[in-house]
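Single-letter residue listing:
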Amino acid sequence: MEFSVMMGILMEGFALTAEIFVITLVGSLPLGVVVALARMSKFKPLAWLAQLYISILRGTPLMLQLMAIMFGPYYLFGLSMGSDWKFWACAIGFILNYAAYFAEIYRSGIQSIPRGQYEAAEVLGYTKAQTFMKIVLPQVIKRILPAMGNEIITLVKDTSLAFVLGIAEMFSAAKALAAREVSMIPYAIAALIYWVFCLLIEFILNRVEKRLDYYHD
Amino acid sequence: MESKAVVSLTNGKKAFGANEVLKDISLTVNAGDVLAIIGPSGGGKSTLLRCMALLETLDSGDLSYGDLVVCANNGEGRAVYGGKDVIAQAKTRFGLVFQNFNLFPHYTVLQNVTDALICVQKMPKDEALARGRELLARMGLADKESMVPCDLSGGQQQRVAIARAMAMNPDVLFFDEPTSALDPELTREVLKVIRDLAAEHMTMVIVTHEMGFARDVADHLIFMDGGVIVEQGSAHEVINNPQHDRTRAFLSNYDRD
Ligand SMILES: Nc1ncnc2c1ncn2[C@@H]1O[C@H](COP(=O)(O)OP(=O)(O)OP(=O)(O)O)[C@@H](O)[C@H]1O
Ligand SMILES: [Mg+2]
């Protein structure tokens, strides 16, 4: 097989990989905020529920979660889902899983902001919402950026788990090519592409980190 | 001229669980007065200030700012606070300066001073910036407006915090040990700013361990221990000539200049 053909197949896979990556972030970054706020809620049942959610999603393999969502509707309710379902099952699984990790990062960030910041804002008359949006959140973002970066880089590589659902993302594509060509080269190229993608993300994260470097606390 | 009460607390009580921290405290601060509060650690000074600054709620007592009643006792002697509007209005009447500054680290010096003016008091931005710059100049920080707090000395940070509190144009300014986190040199520069404010007849309540400063700057002084006012009077009288043994014992730990 020509190299360019192989590259074409891998890049097609990469498009799906990137799609899973983006959809996961778009869904889980905000969902994580909701889970974190629930986890810190003064209403105990809600806090426990959020804690249980986090515990289960962090405590079981993502691969099993993906399979549970993929096959759950059929085994539990006898529903047969359309051919699109595997992609959405994958997206939902990733979003739910990453939201749990992000929630814990947000929570640690929010709880690391000293009480004095809230008190200073309160005395100045800021509302609760203003205090959170203007005073707390910008500081939280700076503090959690390294941890978030780790998680996001992990997500790049975790997208390969989508192969268990038969989604033709880059890892699946590489696997198929390797079998057909009896060669490790497709794997090596896929690895290189993952790495380059991560380098790009690291570059962006570094830029953001630099931009927030104008103060320290 | 009849002097008018800017803030008054009557029979204030506050407990944390079984720990009665404020036991029946009453005080009045008139316009232009400087009140100093001294006393041993754990005596309830911060709690008193925090109750007045609405960071803690009183269990019992009446608290008013001018004619604005913030809380009053009900029939059972429990403090009942006014609604949201009352609380919001009360917060425009006082400012609080913390021991550890509590500046917003992600804001520049000027933003620290002006942000609440713009987003809480809804002052037009130009006006707020002008006011912020004027205050920073008064604090001797005119050239620091675009720096961030972490690049300033502690004394400079505390002066920014004072400017931030003053920006809101409060009727009274509360200070909780404003120099305790500072070394002697920086302490002097912050105390000078407070002395200047006193000379301009700013109404202030200052918790401090600087006895010489309290004696020189305060009109009135309260010595607090164990949640009660043990002794009070003119600052000069109490510091130079304390009447109670506990006050004497406390003051003997300090040289008074
Ligand atoms: N949020 C709180 N919860 C429980 N106890 C508290 C709280 N804040 C203060 N206390 C207790 O109230 C008492 C008085 O504390 P406070 O901070 O008012 O004293 P202080 O006179 O300001 O002392 P210092 O000179 O050390 O600042 C102490 O016993 C303290 O442990
Ligand atoms: Mg104190």
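Residues numbered from 1 in each chain as written. Chains lettered and ligands numbered in written order. Predicted model: local features only at pLDDT ≥ 70, side-chain atom pairs only at ≥ 80, totals over all residues. Heavy atoms only, no water.

Undergrad: Can you help me understand the UniProt feature "domain: ABC transporter" (unreviewed entry) in chain B in this one?
TA: Here the UniProt feature "domain: ABC transporter" (unreviewed entry) sits at residues 7-251 of chain B. Taken as a whole, residues 7-251 of chain B contains 37% helix and 28% strand, while its terminal C-alpha atoms sit 27 Å from one another. (UniProt positions renumbered as here; feature names shortened; annotations may be inferred. Helix = DSSP H or I, 4+ residues; strand = E, 2+ residues; numbered from the N terminus.)

Undergrad: What exactly am I supposed to notice about the site of ligand 1 here?
TA: All names here are of chain B. Around ligand 1 sit 13 residues, and of these Ser41, Gly42, Lys45, Ser46 and Thr47 come closest. One of the side-chain nitrogen or oxygen atoms of Thr47 is found 2.5 Å away from an oxygen atom of ligand 1. At a separation of 3.2 Å, an oxygen atom of ligand 1 approaches a polar side-chain atom of Glu177. Among the secondary structure elements, those contributing two or more residues to the shell around ligand 1 are strand S2 (19-30) and helix H1 (45-52). If one sorts the elements of the shell around ligand 1 by residue count, H1 sits on top with 3 residues. (Near = heavy atom within 4 Å. Polar contact = N/O pair within 3.5 Å; in protein donor to acceptor, adjacent residues only side chain to side chain.)

Undergrad: So what exactly am I meant to see when it comes to the interface of chain B and chain A here?
TA: A common way to express how large an interface is: the accessible area buried when the components associate. Taken together, the contact pairs 24 residues of chain B with 20 residues of chain A. With both chains or domains summed, chain B and chain A bury close to 2000 Å², and 61% of this area falls on carbon and sulfur atoms. Taken together, chain B and chain A are joined by 2 salt bridges. Among the salt bridges present, the one from Arg50 of chain B reaches Glu119 of chain A, with a minimum N-O distance of 2.8 Å. (Contact = heavy atoms within 4.5 Å. Buried area = accessible area lost by both parts, 1.4 Å probe. Salt bridge = Lys/Arg side-chain N within 4 Å of Asp/Glu carboxyl O.)

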